[in-house]
Amino acid sequence: LGLPRAKIDELVRTQSFVAKMEIVRENEREINEMIDDDQKRYTPVNEHVARNINHDVMHWIRVLRRPQTVAVADVTDICSLIYENGDTFLSQLVHEQALTLLVALIPYHMHDADCAFTLELLQCLKVICDQTRGHDKIGLHYIVQDATAIQGIVDLFDVNDAQVSLLIIKLLSAICWHSPQGFEQVIDALEAYTENTDEECIWTPIVRMLKPMIADISNAVHAQYKDESRSSNVLDDDYDEDEDELTRMTHDEG
């Protein structure tokens, strides 16, 4: 897209896979114009081969079984493969306990100064949650059936980062909305988190992270209201002046 190299590196380093895909979709026409005909014939699989992304499920299981060495790029690649190959790839991963292994990564990165790993992991869980098989929300089913997933997601409130908390809230909302069993598990997980962290109630971690966002929205609305009121007052003053002038002219003519 003609961006400076530093900006490209920043986007690649900081944006999640889903965010990158959205950038690609938004700029699809410009990107296609820059791609050579030979490159246009690449399938997603060929593209992955060119980037050395391994499609072997057991390769990723072996990677995930060494949690200390799993990098952000590994989670991004797994997310990419699930996103592009759907339930076929996901079901094989889940059969080999990949979902449990992904959740097991959480304690290793919960207190990182940089939240990049945690954000990418949550994006990956969101991509899993969004997977369907026909009308069946198979990804959501996998998360609800996993004994550790929902509690692991809730425990990430410890990260105390607005972006992380927003992704947690989105995930928990989807789980509660689409699955009665998932709703019960979310409440249980929030209760366990509250007990372990001495929070006042199960809603405290959610409300605590939403309050700054609500305050920002409130301040923005208040500022807009003040601007509109100021503009309205100016119009009222102009109207009053016009009305006075009309009255004077009418009196003079009389």
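As the structure is a prediction and not an experimental result, all values here were calculated from the model.

Side note on the overall build of the protein
From N to C terminus, the protein includes 16 helices and 0 strands. Burial status across the protein gives 34% buried among its 254 residues. In the protein, the proportion of contacts linking residues at least 24 apart, taken out of those at least 6 apart, comes to 69%. Accessible area of the protein: about 15900 Å², with a carbon and sulfur share of 52%.

Points about the pattern of salt bridges
Charged atoms that come close allow side chains of opposite charge to pair. Tallied over the entire structure, the rule returns 3 salt bridges. For R133, the salt bridge is made with D87, and the minimal N-O distance between the two is 2.7 Å. Taken together, the residues span a long stretch of sequence, with R133 in the loop between helix 11 (116–129) and helix 12 (138–145) and D87 in helix 8 (residues 87–95) at a distance of 46 residues. On the basis of relative accessibility, which here comes to 14%, the residue D87 falls in the buried class. Close ionic contact of D130 with K126 constitutes a salt bridge, the shortest N to O distance being 3.1 Å. Residue classification places D130 among the partly exposed residues on the basis of a relative accessible area of 45%. Given a relative accessible area of 30%, K126 falls into the partly exposed group.

Quick word on the packing of helix 11 against helix 14 (residues 162–178)
Contact geometry of helix 11 with helix 14 gives a least axis separation of 10 Å together with a crossing angle of 15 degrees. By the angle class used here, helix 11 and helix 14 are roughly parallel. Crossing handedness for the pair helix 11 and helix 14: left-handed. Counted together, T118, L119, L122, Q123, L125, K126 and C129 of helix 11 and Q163, V164, L167, I168, L171 and A174 of helix 14 form the full contact between these two elements.

Observations regarding the nonpolar core
Here is a general trend for soluble globular proteins: nonpolar side chains tend to be buried in one another's company. In terms of nonpolar packing, the biggest core is built from 59 residues, with I82, L93, L122, I128 and F157 touching the most fellow members. For this core, the element with the highest residue contribution is helix 11, accounting for 9 residues. Residue contacts for L93: discarding those within four places in its chain leaves V57, W60, I61, I78, I82 and A98.

Let's talk about unusual backbone geometry
Phi at Q97 is positive, roughly 70 degrees, even though this residue is not glycine. One can find Q97 in the loop between helix 8 and helix 9 (98–103). Phi is positive for D198, close to 60 degrees, though the residue is something other than glycine. If you trace the backbone, D198 turns up in the loop between helix 15 (180–197) and helix 16 (204–253).

Regarding the environment of P107
Its place among the elements puts P107 in helix 10 (residues 106–109). A relative accessible area of 58% means that P107 is categorised as exposed.

Side note on helix 6 (residues 57–64)
Residues V57, W60, I61, V63 and L64 constitute the buried set of helix 6. Across the axial projection of helix 6, the buried residues extend over an arc of 160 degrees, all falling on one side. Lining the buried residues of helix 6 we find helix 7 (72–85), helix 8 and helix 9.

What about the environment of T194?
Checked against the element boundaries, T194 lands in helix 15. Sequence separation of T194 and P205 is 11 residues, and the distance between their C-alpha atoms is 8.5 Å. When residues no more than four places from it in sequence are discounted, the contact partners of T194 are E199, E200, C201 and I202.

Section: the state of the cysteines
A covalent bond between the sulfur atoms of two cysteines is what we call a disulfide. A complete count under the given rule lists 0 disulfides for this structure. Of the cysteine sulfurs around C124, a residue in no disulfide, the closest is that of C79, at 4.6 Å.

Rules used in this analysis
Along each chain, residues carry numbers from 1 onward, in the same order as the chain's sequence is written. Local features in this predicted model are restricted to residues of pLDDT 70 or higher, and side-chain atom pairs are both shown and tallied only at a pLDDT of 80 or more, whereas totals for entire chains, interfaces and linings draw on every residue. As a convention, hydrogens and water are excluded, and side-chain values are obtained from all of the structure's heavy atoms. Helix numbers and strand numbers start at the N terminus; a helix is a DSSP run of H or I with at least 4 residues, a strand a run of E with at least 2. Throughout this description, buried means an accessible area under 20% of the type-specific maximum (1.4 Å probe, protein chains only), exposed means over 50%, and partly exposed covers the range between. We call two residues in contact when some of their heavy atoms are within 4.5 Å. Working definition of accessibility: Shrake-Rupley area with a 1.4 Å probe, residue cover restricted to the visible protein chains. Counted as salt bridges are all cases of a side-chain nitrogen of Lys or Arg within 4 Å of a carboxyl oxygen of Asp or Glu. Structural elements are reduced to axes, namely lines fitted to C-alpha atoms, with helices fitted over the stretch in contact, and the angle between N-to-C directions of any two is expressed from 0 to 180 degrees. For classification, angles of less than 35 degrees are called roughly parallel, those exceeding 145 degrees roughly antiparallel, those between 65 and 115 degrees roughly perpendicular, and all remaining angles oblique. We call a crossing left-handed when the near helix sits turned anticlockwise from the far one by less than a right angle, and right-handed when that turn is clockwise. Here, nonpolar core refers to any group of buried Ala, Val, Leu, Ile, Met, Phe, Trp, Tyr and Cys residues whose side-chain atoms link them within 4.5 Å. This arc corresponds to the set of directions leading from the helix axis out to the C-beta atoms. Throughout, disulfides are identified as pairs of cysteine sulfur atoms within 2.5 Å of each other.

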